[in-house]
Amino acid sequence: MHTVTLALEGAWKVLVAGLLLGAGLPTIFAFGVRALAHGQGGDSDVQAAARPGPNAVGWSVAVVCFAIVVAAAGLGITYIVASGLGQQLSFEHIYPTLVHKK
């Protein structure tokens, strides 16, 4: 019974990581693209003559969304490179650091 519990615990972690990285990052990116279009005053439902001007909130939301996606991709690449160099990514501090494997 202990083996089933361990397997379900591992499956739960894989499911959460898959949802966050597999569906979460593309969703955040798509939301950023939509916010960027809104920030430029574009909307497919509005006629060109009645289109509103640029929106600073849309630009800000787009920048935050794109920064999250770029940071996640950078952390993923750092994790892969660190493991190849015999180190690991540590989150003991506020920012991630590379430490030697124990």
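It should be emphasised that the depicted structure is a prediction, and the values quoted were computed from it without experimental measurement.

**Q** A description of helix H1 (residues 2–39) should follow, citing residues and the corresponding values.
**A** The end-to-end C-alpha distance of H1 is 53 Å, a good match for the 56 Å that 38 residues give at a rise of 1.5 Å each. In H1, a bend of some 40 degrees at Gly24 exceeds every other bend along the element, and Pro26, a proline, comes one to four places later. Within H1, burial applies to Gly24, Leu25, Gly32, Ala35 and Gly39. Looking at the buried side of H1, the elements it contacts are helix H2 (56–84). Two residues or fewer past H1, Gly41 is found with a positive phi of approximately 85 degrees.

**Q** Talk me through a nonpolar patch on the surface; I want residue IDs and the actual numbers.
**A** Together, Trp12, Leu15, Val16, Leu19, Leu20 and Leu21 line one region of the surface with nonpolar side chains, adding up to about 640 Å² of accessible area. Mapped onto the secondary structure, Trp12 falls in helix H1. Exposure remark for Trp12: the relative accessible area of 57% places this residue in the exposed category.

**Q** Can you break down the packing of H1 against H2 residue by residue, with the values?
**A** Running from N to C, H1 and H2 cross one another at 155 degrees; their axes reach a closest spacing of 7 Å. It follows that H1 is roughly antiparallel to H2 by the angle criterion. Like other packed secondary-structure pairs, H1 and H2 cross with a definite hand, here left-handed. Contacts between H1 and H2 pair Leu25, Ile28, Phe29, Phe31, Gly32, Val33, Ala35, Leu36, His38 and Gly39 from the former with Gly58, Trp59, Val61, Ala62, Cys65, Phe66, Ile68, Val69 and Ala72 from the latter. Here the residues of the contact of H1 with H2 are counted per class, giving 15 nonpolar, four polar and no charged.

**Q** Give me the lowdown on H2, citing residues and values where you can.
**A** In this model H2 runs 42 Å from its N-terminal to its C-terminal C-alpha over 29 residues, within 8% of the 42 Å that 1.5 Å per residue would give. Buried within H2 we find Gly58, Ala62, Cys65, Val69 and Ala82. Its buried side turned inward, H2 meets H1, strand E1 (87–90) and strand E2 (97–100). In this structure Asn55 caps H2, since a side-chain oxygen of it lies 3.1 Å from the backbone nitrogen of Val57. Trailing H2 by a residue or two, Gly86 shows a phi angle of about 80 degrees, which is positive.

**Q** Account for the confidence of the model for the protein, naming residues and giving values.
**A** Low-pLDDT portions of the prediction should not be read for the details of their coordinates. Per-residue confidence for the protein averages 84 on the pLDDT scale, and 89% of its residues sit at or above 70. Ranking the helices and strands of the protein by mean pLDDT puts H2 first, with 91, and E2 last, with 87.

**Q** Account for the pattern of salt bridges, naming residues and giving values.
**A** The full count for this structure, using the stated rule, is one salt bridge. The residue Glu9 makes a salt bridge to Lys13 at a minimum N-O spacing of 3.7 Å. With Glu9 and Lys13 both in helix H1, this residue pair falls four residues apart, about one helical turn. We classify Lys13 as exposed; its relative accessible area is 55%.

Cut-off values and rules
- Residues numbered from 1 in each chain as written.
- Predicted model: local features only at pLDDT ≥ 70, side-chain atom pairs only at ≥ 80, totals over all residues.
- Heavy atoms only, no water.
- Helix = DSSP H or I, 4+ residues; strand = E, 2+ residues; numbered from the N terminus.
- Expected span 1.5 Å × (residues − 1).
- Bend = angle between axes of the 7 residues up to and from the residue.
- Buried < 20%, exposed > 50% of the residue type's maximum accessible area, 1.4 Å probe, protein only.
- Contact = heavy atoms within 4.5 Å.
- Patch = residues over 30% accessible without salt bridge, like charges linked within 9 Å, V, L, I, M, F, W, Y side chains within 5 Å.
- Areas by Shrake-Rupley, 256 points an atom, 1.4 Å probe, with all protein chains shown as cover.
- Salt bridge = Lys/Arg side-chain N within 4 Å of Asp/Glu carboxyl O.
- Axes fitted to C-alpha atoms, helices over the stretch in contact; angles between N-to-C directions.
- Parallel < 35°, antiparallel > 145°, perpendicular 65-115°, else oblique.
- Left-handed = near helix turned anticlockwise from the far one by under 90°.
- Nonpolar A, V, L, I, M, F, W, Y, C, P; charged D, E, K, R; others polar.
- Polar contact = N/O pair within 3.5 Å; in protein donor to acceptor, adjacent residues only side chain to side chain.
- pLDDT = per-residue confidence, 0-100.

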